[in-house]
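Secondary and tertiary structure notes
What follows is each chain in one-letter form.
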Amino acid sequence: MVALSLASPHSTYTFSQVHTKSQPAPLQFYSIPGLRIRSAATKPAKSPVEEEWKIKRELLLEKRVRSVDVKEAFRLQNENNFVILDVRPEAEFKEAHPPGAVNVQIFRLIKEWTAWDIARRAAFAFFGIFAGTEENPEFIESVTSKLDKSSKIIVACSTGGTMKPSMNLPEGQQSRSLIAAYLLVLNGYTNVYHLEGGLYTWFKQDLPAVTENEE
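If you're wondering where the values come from, they're calculated on a predicted model, not measured in any experiment.

1. Brief notes about the packing of helix α1 (residues 53–62) against helix α6 (residues 176–186)
Where α1 contacts α6, the axes come no closer than 10 Å and their chain directions differ by 60°. One way to sum up the angle between α1 and α6 is to call them oblique. Taken as a pair, α1 and α6 cross one another with a handedness that is left-handed. Residue-level contacts link Trp-53, Ile-55, Lys-56, Leu-59 and Leu-60 of α1 to Leu-178, Ile-179, Ala-181, Tyr-182, Val-185 and Leu-186 of α6.

Structure, rendered in structure tokens:
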């Protein structure tokens, strides 16, 4: 049985649906003037961001997305016109980033708290890097406004993640930058690299960094 109660300032509406094992419940819609409610038995389809890491990793390897360490990234940026795409939140970018980096956040601060959104964010939080954030639906649109699909891009976040297998992580470990790289190749970008070790390593090795006020 699926039941839903809705309280208004003047009255309470209750809807219920009964079904048996031999007769699965169909998708139901209920209408009240100015309100449309869908059965709780349904949920939105997965977005590309929510695909399993195994699926993302397979495509990244198939598209030959190469991981580079911070010193190689610095050389490519200065000698081969690579652009560092920093996908961290804007506040982190403003604190410090490589000179010339472009910022488009792949996750943004949470804006809504529906029950389904909370469940999805709990799944994101499993990876330990998305607390308090949600997927930025304008990510690709924003990147496209700044970088064309032939641009040579090194995607960077704080930690970097890895596609390299290890004993503890046989499929590597996803990160914001690897998710962003996955979205880029899905949308036709052809020169996508990934910053191994992330910007944490960049700053730790005293490579050039600027704040927004210094640019």
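2. Remarks on the packing of helix α5 (residues 139–146) against α6
The contact between α5 and α6 brings their axes to 11 Å, and the two run at 70°. Considering the angle they form, α5 stands roughly perpendicular to α6. Where α5 abuts α6, its residues Phe-139, Ile-140 and Val-143 lie against Ala-180, Leu-183 and Leu-184. Residue composition of the contact of α5 with α6, by class: six nonpolar, no polar and no charged.

3. What to know about α6
Of all eleven residues making up α6, ten are buried, and the element is well covered by its neighbours. Among the residues of α6, those classed as buried are Arg-176, Ser-177, Leu-178, Ile-179, Ala-180, Ala-181, Tyr-182, Leu-183, Leu-184 and Val-185. Just past α6, the residue Gly-188 takes up positive phi, approximately 95°.

4. Observations concerning the environment of Leu-76
Mapped onto the secondary structure, Leu-76 falls in helix α2 (residues 70–79). Since its relative accessible area comes to 5%, Leu-76 is described here as buried. Linking Leu-76 and Ile-153, residues 77 residues apart in sequence, is a C-alpha distance of 9.8 Å. Ignoring any residue separated from it by four or fewer positions in sequence, one finds Leu-76 in contact with Val-68, Asn-81, Phe-82, Ile-154 and Tyr-193.

5. Some thoughts on the packing of aromatic side chains
Under the criterion given, the structure shown has two aromatic pairs. Centroid distance Phe-74 to Trp-202: 6.0 Å. Interplanar angle 80°. Geometry classified as edge-to-face. Remark: Trp-202 occurs in helix α7 (residues 198–204) and Phe-74 occurs in helix α2; sequence separation between them is 128 residues. Relative to Tyr-193, the ring of Phe-82 has its centre 4.9 Å away and its plane inclined at 65°; by these criteria the two rings are edge-to-face. With Phe-82 in the loop between α2 and β6 (83–86) and Tyr-193 in strand β11 (residues 192–195), the pair connects residues that are 111 residues apart, well separated along the chain. You can call Phe-82 buried: its relative accessible area is 9%.

The rules behind the values
- The numbers attached to residues start from 1 for each chain and follow its sequence in the written order.
- pLDDT decides what is reported in this predicted model: residues at 70 or higher carry local features, side-chain atom pairs at 80 or more are listed and counted, and totals for whole chains, interfaces and linings draw on all residues regardless.
- Only hydrogens and water are set aside when side-chain values are computed; all heavy atoms of the structure are taken into account.
- All axes are obtained by fitting lines to C-alpha atoms, using only the stretch in contact for helices, and the reported angles, taken between N-to-C directions, cover 0 to 180 degrees.
- Runs of H or I in DSSP of at least four residues are treated as helices and runs of E of at least two as strands, each being numbered from the N terminus.
- Each angle receives one of four descriptions, namely roughly parallel if under 35 degrees, roughly antiparallel if over 145, roughly perpendicular if within 65 to 115, and oblique otherwise.
- Each crossing gets its handedness from the near helix: less than a right angle anticlockwise from the far helix is left-handed, clockwise is right-handed.
- Residues are treated as being in contact if the distance between any of their heavy atoms lies within 4.5 Å.
- When residue character is reported, Ala, Val, Leu, Ile, Met, Phe, Trp, Tyr, Cys and Pro are called nonpolar, Asp, Glu, Lys and Arg charged, and the others, Gly included, polar.
- Here the term buried applies to any residue with accessible area under 20% of the maximum for its type, exposed to any over 50%, and partly exposed to those in between, with areas from a 1.4 Å probe on protein chains only.
- Any two rings among Phe, Tyr and Trp, with Trp reduced to its six-membered ring, count as a pair given centres within 6.5 Å; such a pair is stacked if its planes are under 30 degrees apart, edge-to-face if over 60, and tilted if neither.

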